[in-house]
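# Tertiary structure, described
Spelled out from the first residue to the last, the chains are:
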Amino acid sequence: MENSRYEAGQKVMEELFSEQVRQDMKGMKDVSPDLWDMIVSFGFGDLYSRKALSLSQREIVTITSLITQGAFDQLKVHLEAALNVGLSREEITEIIIQCTGYVGFPKAVQAMQIAAEVFQENSEYSSR
């Protein structure tokens, strides 16, 4: 059972994140194999693999939550993931604008700056 959760998590991570991002994330495994297993098995195997929401809907929730927390280091990879699962630049921009009223301008401005960097680095998504 545990192995299938981990495998499901790996599969979701392959849909969300580029090979480079996944390799960068694996550095956590060297520091704490237990935390890495929790991230893959629970975070992606249990949560992201559920069927009621699509991966793009899950990324909307995740992006909003990360902005609210001010977790900007993780926001970048989830903005890339959002593009990978079909969210458009316009939708991502609108999500950040919507957050402004709830999180304040400083967090929204920082999120928008990160989005601008992600859009620049991922110019193949400019038509979406």
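For the structure itself, consult the block above.
Keep in mind it's a predicted model, so treat the numbers as computed, not measured. (Residues numbered from 1 in each chain as written. Predicted model: local features only at pLDDT ≥ 70, side-chain atom pairs only at ≥ 80, totals over all residues. Heavy atoms only, no water.)

Once that is clear, we can look at the pattern of salt bridges. Two side chains with opposite charge may pair up if their charged atoms get near one another. Counted by the stated rule, this structure contains three salt bridges. Notably, a salt bridge pairs Arg5 with Asp46, separated by 2.7 Å at the nearest N-O pair. Remark: Asp46 occurs in helix α4 (residues 33-47) and Arg5 occurs in helix α1 (residues 2-16); sequence separation between them is 41 residues. Here Arg5 falls in the buried class, since its relative accessible area comes to 17%. We classify Asp46 as partly exposed; its relative accessible area is 27%. For the salt bridge of Arg22 with Glu19, the shortest nitrogen-to-oxygen distance reads 2.5 Å. In this pair, Arg22 and Glu19 both sit in helix α2 (residues 19-25), three residues apart, roughly one turn of the helix. Overall, Arg22 belongs to the buried group, its relative accessible area being 16%. (Salt bridge = Lys/Arg side-chain N within 4 Å of Asp/Glu carboxyl O. Helix = DSSP H or I, 4+ residues; strand = E, 2+ residues; numbered from the N terminus. Buried < 20%, exposed > 50% of the residue type's maximum accessible area, 1.4 Å probe, protein only.)

With that settled, the discussion passes to the packing of helix α6 (residues 72-84) against helix α8 (residues 105-121). It is the contact of α6 with α8, at a shortest axis distance of 10 Å, that shows an interaxial angle of 50°. The pairing of α6 with α8 is recorded here as oblique in orientation. In this structure, the crossing between α6 and α8 has a hand that is right-handed. Across the interface between the two elements, Phe72, Leu75, Lys76, Leu79, Glu80 and Leu83 from α6 touch Lys107, Gln110, Ala111, Ile114, Ala115, Val118, Phe119 and Glu121 from α8. When grouped by side-chain class, the residues that make up the contact of α6 with α8 number nine nonpolar, one polar and four charged. (Axes fitted to C-alpha atoms, helices over the stretch in contact; angles between N-to-C directions. Parallel < 35°, antiparallel > 145°, perpendicular 65-115°, else oblique. Left-handed = near helix turned anticlockwise from the far one by under 90°. Contact = heavy atoms within 4.5 Å. Nonpolar A, V, L, I, M, F, W, Y, C, P; charged D, E, K, R; others polar.)

The subject of this paragraph is a nonpolar patch on the surface. Judged by side-chain polarity, Met28, Val31, Leu35 and Met38 come together as a nonpolar surface patch covering roughly 370 Å² of accessible area. Mapped onto the nonpolar patch, the elements with two or more residues apiece are α3 (27-31) and α4. Among the structural elements, Leu35 can be located in helix α4. Look at Leu35 and you get partly exposed, because its relative accessible area is 36%. (Patch = residues over 30% accessible without salt bridge, like charges linked within 9 Å, V, L, I, M, F, W, Y side chains within 5 Å. Areas by Shrake-Rupley, 256 points an atom, 1.4 Å probe, with all protein chains shown as cover.)

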